[in-house]
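Residue-level listing of the chains:
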Amino acid sequence: MTTTGSRPLAELESFAAGTTDIDPYPRYARLRETSPVVYSDALQAWLVTRWADVTRCFKESASFGPMASGSGSSGIYGRTILHMTGDEHRRKAAIVARRIRNRRELRGALGDRVRVLVEELGSDLPAAPETVDVRAGLTAPLPLTVIAELMTMHEVDVFPRWCHDLAAASVSNVNRDPQVHARGVRARDGIDAWLAPAIERTRAEPGENLLSDLCTVEYEGQRLADAEITSNTAFFLAAGIETTDRALVNLLGGLADDPGQWERLRAEPALVPSAVAEGLRWKAPVQGSVRQALVDVDLGGVPIAAGEKLILLLGAANRDPEVFGDPDTFDVARFADDAGPQFTPVGPMRSFGGGEHTCSGSLLAKLEMEAALTHLLGRYRRIVPAGDRPADAGFMLRSAPALPLQLHP
Ligand code: HEM
């Protein structure tokens, strides 16, 4: 197994361990140039930084698959659609898609609900000269409420804690921290206990929501087992909330720092979908996806043995100059021609993964992000960074921990 003592790798390792805080992007650039597939002893994983290699790992499902067991893997949820392949994956992913990728839903009830929530949360944000943490007031509660309602868990007090602890204990737990893992397991236990009677209730009286879909759908003539409903529910709570929250923080933070682009968006609202896609590309909220080699395989000239772990660095792939011109620049018009493909496996932006497991929630995230951005653009001439804005933090899930802004009508 080849290792390198190069500085960018050592810097990324201590950053991933939480002992230092650095800007990962220059390190990714160095790795992409010098050692695009490199083994980290500390992370016990191959780090993959080039767009072409990352994309190949997503697409070549016979050679690379999601890691379904062990601490620091998506095994914390149990078996979910992320761990399924072929026909089973296609048909069960379609159950989710019918609710959250369906144009009728997105344009109809779901879209209306998202816009009402944005209006309610947005109207409560105080205008300048007050300073407001837009993360606490808007970007965190919006996706939290949307997923809670889809899973009918909006009245559960500990719901936000469960979601956070689960997301932290999944692939983000790159250091396999036993305490982080234990908190994730406790969250799963809480969800299991809440769901047991809820599944019964929902089967008897289904409603118009995703939990009802999971409880009533039939696959090969049988309803989904309770264990499968529970694991997929746990996965959605982690997959659909902090991701969208952090994506909005990154986008709005970039716009607050660049008033010219805010003005441009106000003048050209048709650029909103492009701005949302570009925010996701420029600062991917999910910086890494985890894969396991299923067979002995060569990646970028490096032999990988079956069973070894790979961390596909989406944040690095999204800034690969082979694919994106001037990749470090945030440009709201980058996808002006057609932003749509970026929210599907077709577009080059890798923030939603790629291949058959491309994010099922990308259109819901797009809907929420566009609604929030449109609301703020309509109300405020300027959004201005206020006070000491905390720096971006986190290796696998990355954004500023808070977004203090002054909103000028
Ligand atoms: C900006 C927000 C989001 C980002 C950046 C994001 C990112 C991702 C990524 C990178 C993957 C691929 C994981 C892998 O292959 O290892 C994924 C898969 C997935 N995401 Fe998202 N996600 C977001 C929002 C959502 C939302 C709102 C939901 C709604 C529940 C969701 C549900 C899922 C599901 C179900 C999968 C698995 C799809 C499959 O295996 O077929 N995501 N997401």
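Residues numbered from 1 in each chain as written. Predicted model: local features only at pLDDT ≥ 70, side-chain atom pairs only at ≥ 80, totals over all residues. Heavy atoms only, no water.

## Some remarks on the packing of aromatic side chains
For the coordinates displayed, the defined rule picks out 7 aromatic pairs. Ring centres 5.8 Å apart and planes at 85 degrees place the aromatic pair Phe 15 and Phe 395 in the edge-to-face group. Here Phe 395 lies in the loop between strand E11 (382-385) and strand E12 (404-408) and Phe 15 lies in helix H1 (residues 7-16), a separation of 380 residues in the sequence. For the pair shown, Phe 15 and Phe 395 are each scored as buried. Arranged with centres 5.1 Å apart and planes meeting at 70 degrees, the rings of Tyr 39 and Trp 46 form a pair that is edge-to-face. You can call Tyr 39 buried: its relative accessible area is 10%. (Phe/Tyr/Trp six-rings, centres within 6.5 Å; stacked < 30°, edge-to-face > 60°. Helix = DSSP H or I, 4+ residues; strand = E, 2+ residues; numbered from the N terminus. Buried < 20%, exposed > 50% of the residue type's maximum accessible area, 1.4 Å probe, protein only.)

## Regarding the site of the ligand
If you check the shell around the ligand, you find 29 residues, and the closest are Leu 82, His 89, Arg 291, His 357 and Cys 359. Between the ligand and the protein, one listed contact pairs a nitrogen atom with a backbone N or O atom of Ala 239 at 3.4 Å. Residue His 357 places a side-chain N or O atom 2.7 Å away from an oxygen atom belonging to the ligand. At the level of elements, helix H4 (86-100), helix H12 (226-239), helix H13 (242-256) and strand E7 (288-293) are the ones that each hand at least two residues to the shell around the ligand. Residue composition of the shell around the ligand, grouped by class: 16 nonpolar, 11 polar and 2 charged. (Near = heavy atom within 4 Å. Polar contact = N/O pair within 3.5 Å; in protein donor to acceptor, adjacent residues only side chain to side chain. Nonpolar A, V, L, I, M, F, W, Y, C, P; charged D, E, K, R; others polar.)

## Focus: the sheet that holds strand E1 (residues 37-40)
Spatially, E1-E2-E10-E7-E3 is the arrangement adopted by the 5 strands of the open sheet, whose pairing is mixed. Strand pairing shows two members of the sheet lacking a second neighbour, E1 and strand E3 (64-65), which therefore form its edges. Across 4 bridges, E1 lies against strand E2 (residues 45-48) in antiparallel orientation. Bridge pairing in E2 places Val 37 opposite Val 48. (Pairing = 2+ DSSP bridges.)

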